[in-house]
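As a plain string of letters, each chain reads:
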Amino acid sequence: PTRGATRAEKLRQMRDDDTRSIEERIRINEALGKVLKEQANEELKIANQALAVADKRIKLEGATAENLEKRAEALTKISDIQERITGKESEQLANLNSLRKEAADKQKAIYDAQKAQAEKEIASRKEATDALVAAFQNEIELYKKQNQSKLDMSRAWTEEDIKLEEQRLQEIYD
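The rules behind these values
Residues numbered from 1 in each chain as written. Predicted model: local features only at pLDDT ≥ 70, side-chain atom pairs only at ≥ 80, totals over all residues. Heavy atoms only, no water. Helix = DSSP H or I, 4+ residues; strand = E, 2+ residues; numbered from the N terminus. Rg over C-alpha atoms; globule rule 2.2 N^0.38 Å. Buried < 20%, exposed > 50% of the residue type's maximum accessible area, 1.4 Å probe, protein only. Contact = heavy atoms within 4.5 Å. Areas by Shrake-Rupley, 256 points an atom, 1.4 Å probe, with all protein chains shown as cover. Lys, Arg positive; Asp, Glu negative; His and termini not counted. Charge placed at Lys NZ, Arg CZ, Asp CG, Glu CD. Salt bridge = Lys/Arg side-chain N within 4 Å of Asp/Glu carboxyl O. Core = buried A, V, L, I, M, F, W, Y, C linked by side-chain atoms within 4.5 Å. Expected span 1.5 Å × (residues − 1). Arc of directions from axis to C-beta. Patch = residues over 30% accessible without salt bridge, like charges linked within 9 Å, V, L, I, M, F, W, Y side chains within 5 Å.

**Student:** Outline the overall build of the chain, supporting the account with residue identities and numerical values.
**Tutor:** Scanning the chain from terminus to terminus reveals 4 helices and 0 strands. Starting at the N terminus and ending at the C terminus, the chain contains elements arranged as α-α-α-α. Computed over the C-alpha atoms, the radius of gyration of the chain is 45 Å, more than 25% above the 16 Å expected from 2.2 N^0.38 for a compact globule of 174 residues. A principal-axis box enclosing the C-alpha atoms of the chain has dimensions of 145 × 45 × 20 Å. Among the 174 residues that make up the chain, the fraction classed as buried is 17%. Taking the contacts inside the chain whose residues are at least 6 apart along the sequence as the reference set, 65% of them involve residues at least 24 apart. For the chain, the exposed area adds up to about 14000 Å²; of that, 55% sits on carbon and sulfur atoms. Computed over 33 positive and 36 negative side-chain charges, the inter-centroid distance for the chain is 11 Å.

Structure representation (structure tokens):
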């Protein structure tokens, strides 16, 4: 394999290493895309040179079967390289989308865990608050029971209080 192919394979392995962060893997995927593009452009440059040589031979030596075959081979090679470039670009895009989805899935899992924890805390606090309210209500009821006769006494008017009030009211209306 060429130096570029070896580098591309190392970058693929790094990109696919899920112990790395998503951001790092995306950067590696972008670097891989650049390496593959450089490789393809170099191959395309060589293939275009082969086409130029075939065209010059046809000009100089004429359209012999061998020269036309060389030209056809060069065109086929260019087409193959362009097809491979398109395939690599599609692969890069698919990998990028996959990494983005993985990042979104991780974020959702974190959000879901945080939400569940918050709901658990809210339920626990509500339970504690409800228990406190119930305890206070019980205290109030107990106080009322213990002090009801005092309350009743303070509310009760004696016969004398009623006579005094009647006199007061009579004086007002007279």
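**Student:** Could you give an account of the pattern of salt bridges, naming the residues involved and the relevant values?
**Tutor:** Any two side chains of opposite charge can pair, on the condition that their charged atoms come close. With the rule as written, the count across this model stands at 15 salt bridges. Note that Arg15 and Asp16 form a salt bridge whose closest N and O atoms lie 2.9 Å from each other. On the accessibility criterion, Arg15 (4% relative accessible area) is buried. Judged by its relative accessible area of 46%, Asp16 is partly exposed. Measuring nitrogen to oxygen at the nearest pair gives 2.6 Å for the salt bridge that ties Glu165 to Arg168.

**Student:** Explain the side chain of Asn95 residue by residue, including any values.
**Tutor:** Along the chain, Asn95 falls in helix α3 (residues 65–155). In this structure Asn95 touches Arg15 and Asn29, once residues within four positions along its chain are discounted.

**Student:** Describe the nonpolar core, with residues and values.
**Tutor:** When a protein is soluble and globular, its nonpolar side chains tend to lie buried together. Core analysis: the largest hydrophobic core is formed by 8 residues, namely Ala40, Leu44, Ala47, Leu51, Ala74, Ile78, Ile81 and Ile85. Contributing elements (two or more residues each) for this core: α2 (22–61) and α3. In this view, Ala40 contacts Ile81 and Ile85; residues no more than four positions away in its chain are not counted. Counting 6 residues, the second-largest nonpolar core is a separate cluster that includes Ile28, Leu32, Val35 and Leu36.

**Student:** Requested: an account of helix α1 (residues 3–15), with residues and values cited.
**Tutor:** The terminal C-alpha atoms of α1, which comprises 13 residues, lie 18 Å apart, in line with the 18 Å expected from a rise of 1.5 Å per residue. For α1, every residue scored as buried is listed here: Ala8, Leu11, Arg12 and Arg15. One side of α1 holds all its buried residues, which, seen down the axis, span an arc of 105°. Those residues of α1 that are exposed and aimed more than 90 degrees away from the buried face are Arg3, Lys10 and Gln13.

**Student:** An account of a nonpolar patch on the surface is needed here, citing residue identities and associated values.
**Tutor:** Taken together, the side chains of Leu169, Ile172 and Tyr173 define a hydrophobic patch exposed on the protein surface, amounting to about 350 Å² of accessible area. Summarising the element assignment, Ile172 is placed in helix α4 (residues 159–173).

**Student:** So what about a negative patch on the surface? Which residues, and what values?
**Tutor:** A cluster of acidic residues, Glu61, Glu66, Glu69 and Glu73, forms a negative patch at the surface. When residues of the negative patch are assigned to their parent elements, the largest contribution, 3 residues, is made by α3. On the accessibility criterion, Glu73 (43% relative accessible area) is partly exposed.

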